[in-house]
Amino acid sequence: PIQTLSDFKDAVTSVITTENGIIASSVDGYVRVYDLRSGRLHSDDLKDPVTCVRLTEDGKAYLATCLQGTIRLVDLKSGQLLKEYVGHKHS
């Protein structure tokens, strides 16, 4: 392998590539942003198992779906939570 990413504590649920790196989500609750040019890693702790991550069309943020039923919009550079969407829960 060219590079091994071994920072995950549980199953990796999705991996996407960007122009400069890799964004990966995991059941451990983290979204990890790898900058392959600089060799830096930024980890966002979403506190809930993450099932999928997708980059926004403008490439400035990502959407992460979490196991408990939320979708979170997070700024890619700062890791700041921009918006949280909560779905309907059956009772």
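Above this note sits the structure.
These notes cover the structure that comes with them. Quick caveat, the model's predicted, so the values are computed rather than measured. (Residues numbered from 1 in each chain as written. Predicted model: local features only at pLDDT ≥ 70, side-chain atom pairs only at ≥ 80, totals over all residues. Heavy atoms only, no water.)

A look at the pattern of salt bridges
This structure, assessed with the given rule, holds four salt bridges. Across the pair Arg72 and Asp48 runs a salt bridge whose closest N-O atoms are separated by 2.7 Å. Linking Arg72 in strand β7 (residues 70-75) with Asp48 in the loop between β4 (40-45) and β5 (50-55), this pair joins segments that are 24 residues apart in sequence. What makes Arg72 buried here is its relative accessible area of 8%. In this structure, the salt-bridge partner of Arg72 is Glu84, at a minimum N-O distance of 2.8 Å. You can see Arg72 sitting in strand β7 and its partner Glu84 sitting in strand β8 (residues 81-86), a full 12 residues away along the chain. Overall, the relative accessible area of 38% leaves Glu84 in the partly exposed class. (Salt bridge = Lys/Arg side-chain N within 4 Å of Asp/Glu carboxyl O. Helix = DSSP H or I, 4+ residues; strand = E, 2+ residues; numbered from the N terminus. Buried < 20%, exposed > 50% of the residue type's maximum accessible area, 1.4 Å probe, protein only.)

Digging into the sheet that holds β7
Overall, antiparallel pairing links the four strands, which are arranged β5-β6-β7-β8 in an open sheet. Across the chains shown, the open sheet's two edge strands, defined by having one partner strand only, are β5 and β8. In this sheet, adjacent strand axes meet at a mean angle of 20° when their direction is disregarded. Relative to β8, β7 is paired through five bridges, and the arrangement is antiparallel. Its bridge partner being in β8, Leu73 is matched across the sheet by Lys83. (Pairing = 2+ DSSP bridges. Axes fitted to C-alpha atoms, helices over the stretch in contact; angles between N-to-C directions.)

So yeah, pure geometry; function would need other evidence.
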